[in-house]
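# Descriptive analysis of the structure
What follows is the residue order along each chain.
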Amino acid sequence: MANVGLLGAGSWGTALSVLLHDNGHNVTIWSIDEREVKMLNEKREHELKLPGVKLADDMVITGDMESAIRGKDFLVLAVPSPFTRETARKMRPFVAEGQIIVDVAKGIEESTLMTLSRQIEQEIPQADVAVLSGPSHAEEVGRRLPTTCVIGAKSRKTAEYLQSMFISRVFRVYTSPDILGIELGGSLKNVIALAAGIADGLGYGDNTKAALITRGIAEIARLGVKMGGKIQTFTGLTGIGDLIVTCASVHSRNRKAGYLIGQGKTMQEAMDEVKMVVEGVYSAKAAARLAREYEVSMPIVDEVNAVLFEGKSPAEAVDDLMQRESRSENTSLTWDGE
Ligand SMILES: NC(=O)C1=CN([C@@H]2O[C@H](COP(=O)(O)OP(=O)(O)OC[C@H]3O[C@@H](n4cnc5c(N)ncnc54)[C@H](OP(=O)(O)O)[C@@H]3O)[C@@H](O)[C@H]2O)C=CC1
Ligand SMILES: O=C(CO)COP(=O)(O)O
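The name an unreviewed UniProt entry gives the chain is Glycerol-3-phosphate dehydrogenase [NAD(P)+], with Ruminococcus turbiniformis as the organism. Checking UniProt for the chain, the heading Subcellular location (unreviewed entry) contains the comment "Cytoplasm". Checking UniProt for the chain, the heading Sequence similarities (unreviewed entry) contains the comment "Belongs to the NAD-dependent glycerol-3-phosphate dehydrogenase family."

The structure is reproduced here in structure tokens:
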């Protein structure tokens with residue numbers, strides 16, 4: 001049994017706190033928002049973000065960051081990516097040498113193009129930073145439906161330790177040394193999921209969805225491998241697995257926001273209606289900039305950016321994708337004799 005400090009009490013943080021408590025660990029949850037702390041303490045449930053999932057009476061919910069960090073066997077960081085760096089900076093004075101922080105958010109910092117684990121390492125150099133990712137909507141983890149994820153860590157020891165902490169009969173956890181590939185897959189799939197939602201909102205069908213998923217993972221893997229991620233990661237749970245669930249699920253915040261945009265809402269209206277973080281909006285510009293920097297073609301990402309930030313109509317964006325210059329599906333494949 002471990003003492004766990006979990007920072008960020010949104011839908012994912014809440015679901016993971018229940019999973020870790022089910023596994024027999026002592027869980028302390030920190031939230032920046034005093035109203036959220038009060039509400040969770042009183043109701044023992046996040047009625048807005050994860051309704052129907054009860055927090056046990058012995059779970060501690062606090063607004064005091066220091067008490068959520070000091071003496072904990074490991075920390076889980078579940079704040080959305082736009083707040084990762086500022087939260088890590090606040091955590092730094094309380095984190096012990098070698099203390100494990102497992103980041104569970106998915107994003108890329110727009111100003112630096114850094115993944116979240118890199119930002120945390122920059123802000124908290126004494127920490128042992130790991131990541132958890134995979135096809136895992138909070139709504140289903142909270143209901144204890146079978147789910148699979150991957151822990152990425154710098155050492156096998158940390159990866160296997162965290163695996164043993166999170167794994168359960170309903171939450172199967174694999175390990176991987178490819179932290180970069182895991183984080184790129186997790187953040188870039190949100191941009192493609194916006195496109196899948198837009199296609200749904202436009203009333204397009206399953207053929208369109210399958211095309212976006214398949215061509216989407218091709219884009220993600222092209223960039224990810226060039227940046228140093230491993231191809232096996234992009235064909236695994238944190239790559240294609242997470243892309244499939246996010247493009248298809250009724251729970252997905254990114255797909256839902258895309259759907260609303262496809263229906264004619266603005267990006268801001270869609271984000272306001274979803275009420276929870278739509279990470280793809282924050283990663284879209286970073287993805288396009290990375291594509292340029294690494295000289296990789298990412299046409300779906302480019303069209304999502306045009307719709308989100310340049311006022312392009314969603315229907316025109318899909319039209320432009322369909323009418324790109326004809327090409328081979330995979331340029332590395334050739335005919336005999338060529
Ligand atoms: N939801 C899911 O199913 C999954 C989410 N993820 C990832 O986990 C991360 C968190 O997502 P999710 O839980 O859905 O997000 P939510 O929108 O549900 O929750 C976000 C949380 O962050 C808090 N917050 C707001 N501002 C700040 C701040 N300045 N500093 C620190 N915390 C702040 C919010 O407080 P308040 O409520 O007061 O705004 C809330 O507690 C994202 O990166 C997401 O991609 C990964 C896998 C599954
Ligand atoms: O990453 C997720 C599922 O694995 C959550 O995706 P959404 O943010 O689109 O809900």
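Next, the rest of the story.
## Concerning the pattern of salt bridges
Here the structure, examined in full by the defined rule, presents 19 salt bridges. For Lys 209, the salt bridge is made with Asp 200, and the minimal N-O distance between the two is 3.1 Å. Just as Lys 209 is buried, Asp 200 falls in that class too. Between Lys 312 and Asp 320 there is a salt bridge; the shortest N-O distance is 2.6 Å. Taking the relative accessible area as the measure of exposure, Lys 312 reaches 18% and is therefore buried.

## Details of the site of ligand 2
Neighbouring ligand 2 are Lys 106, Gly 134, Pro 135, Ser 136, His 137, Lys 189, Asp 242, Thr 246, His 251, Ser 252, Arg 253 and Asn 254. Contact distances for ligand 2 include 2.7 Å between an oxygen atom and a side-chain N or O atom of Lys 189. Within the side chain of Arg 253, one N or O atom sits 2.7 Å away from an oxygen atom of ligand 2. Burial of ligand 2 by the protein chains amounts to 91% of its free accessible area of 310 Å².

## Overview of the domain arrangement of the chain
Many structure descriptions define interface size as the accessible area lost when the parts assemble. For the chain, the domain assignment lists domain 1 (3-177) and domain 2 (180-322). Just the C-alpha atoms count here: the centres of domain 1 and domain 2 sit 24 Å apart. On the side of domain 2, 30 residues touch domain 1, which itself brings 32 residues to the contact. Taking both sides of the interface into account, the surface hidden between domain 1 and domain 2 amounts to around 2,500 Å²; carbon and sulfur atoms contribute 64%. At the boundary of domain 1 and domain 2, one finds two salt bridges. Taking the shortest distance from any N to any O, the salt bridge between Arg 253 and Glu 139 comes out at 3.2 Å. Joining domain 1 to domain 2, the criterion identifies ten residue pairs in polar contact (both at pLDDT 80 or more). Elements represented by at least two residues in the side of domain 1 that touches domain 2 include exactly helix H5 (116-123), strand E6 (128-133), helix H6 (138-142), strand E7 (147-152) and strand E8 (171-176).

## Remarks on the environment of Ala 211
By the secondary structure assignment, Ala 211 is in helix H9 (residues 206-227). Overall, Ala 211 belongs to the partly exposed group, its relative accessible area being 38%. Taking the C-alpha atoms as reference points, Ala 211 and Ala 193, 18 residues apart in sequence, are found 12 Å from one another.

## Overview of the packing of aromatic side chains
Using the criterion set out here, one finds two aromatic pairs in the structure. With a centroid separation of 6.0 Å and an interplanar angle of 90 degrees, the aromatic rings of Phe 74 and Tyr 161 are classed as edge-to-face. Of this pair, Phe 74 sits in strand E4 (residues 74-77) while Tyr 161 is found in helix H7 (residues 156-166), placing the two residues 87 residues apart along the sequence. Using a relative accessible area of 0% as the deciding quantity, one classes Phe 74 as buried. According to the relative accessible area criterion, Tyr 161 is partly exposed, its value standing at 26%.

## What to know about helix H1 (residues 11-22)
Working note: α-helix, 3.6 residues per turn, so residues spaced by three or four point in the same direction. Between its first and last C-alpha atoms H1 spans 17 Å; for twelve residues at 1.5 Å apiece the expected length is 16 Å, and the two agree. Within H1, the full set of buried residues consists of Ser 11, Trp 12, Gly 13, Thr 14, Ala 15, Leu 16, Ser 17, Val 18, Leu 19 and Leu 20. In the segment just after H1, Gly 24 is the residue with positive phi, at about 95 degrees.

## Things to note about the layout of surface pockets
Reported here for the largest pocket is a volume of approximately 1,100 Å³. As for the largest pocket, its lining consists of 47 residues, of which Gly 10, Ala 78, Pro 80, Met 276 and Val 277 are closest to the centre. When residues of the lining of the largest pocket are traced back to their parent elements, those giving at least two are H1, helix H2 (34-43), helix H4 (84-91), helix H8 (179-201), helix H11 (237-248), helix H12 (253-262), helix H13 (267-274) and helix H14 (279-293). Grouping the amino acids of the lining of the largest pocket by side-chain chemistry returns 20 nonpolar, 15 polar and twelve charged. There are two domains that each give the lining of the largest pocket at least three residues, and those are domain 1 (3-177) and domain 2 (180-322). Roughly 580 Å³ of volume is contained in the second largest pocket. Along the wall of the second largest pocket there are 27 residues; nearest its centre are Arg 215, Ile 300, Leu 321, Met 322 and Arg 324. At the level of secondary structure, the elements contributing two or more residues to the lining of the second largest pocket comprise H8, H9, helix H15 (299-309) and helix H16 (314-322). Sort the elements by how many residues they give to the lining of the second largest pocket and H9 lands first, with seven residues.

What counts as what
Residues numbered from 1 in each chain as written. Chains lettered and ligands numbered in written order. Predicted model: local features only at pLDDT ≥ 70, side-chain atom pairs only at ≥ 80, totals over all residues. Heavy atoms only, no water. UniProt positions renumbered as here; feature names shortened; annotations may be inferred. Salt bridge = Lys/Arg side-chain N within 4 Å of Asp/Glu carboxyl O. Buried < 20%, exposed > 50% of the residue type's maximum accessible area, 1.4 Å probe, protein only. Near = heavy atom within 4 Å. Polar contact = N/O pair within 3.5 Å; in protein donor to acceptor, adjacent residues only side chain to side chain. Areas by Shrake-Rupley, 256 points an atom, 1.4 Å probe, with all protein chains shown as cover. Domains from an automatic or database assignment. Contact = heavy atoms within 4.5 Å. Buried area = accessible area lost by both parts, 1.4 Å probe. Helix = DSSP H or I, 4+ residues; strand = E, 2+ residues; numbered from the N terminus. Phe/Tyr/Trp six-rings, centres within 6.5 Å; stacked < 30°, edge-to-face > 60°. Expected span 1.5 Å × (residues − 1). 1 Å grid on protein atoms, 1.4 Å probe; cavity = no way out; pocket = protein on both sides within 12 Å on 5 of 7 lines; lining within 4 Å. Points joined across faces, edges and corners; volume = space filled by probe spheres on them. Nonpolar A, V, L, I, M, F, W, Y, C, P; charged D, E, K, R; others polar.

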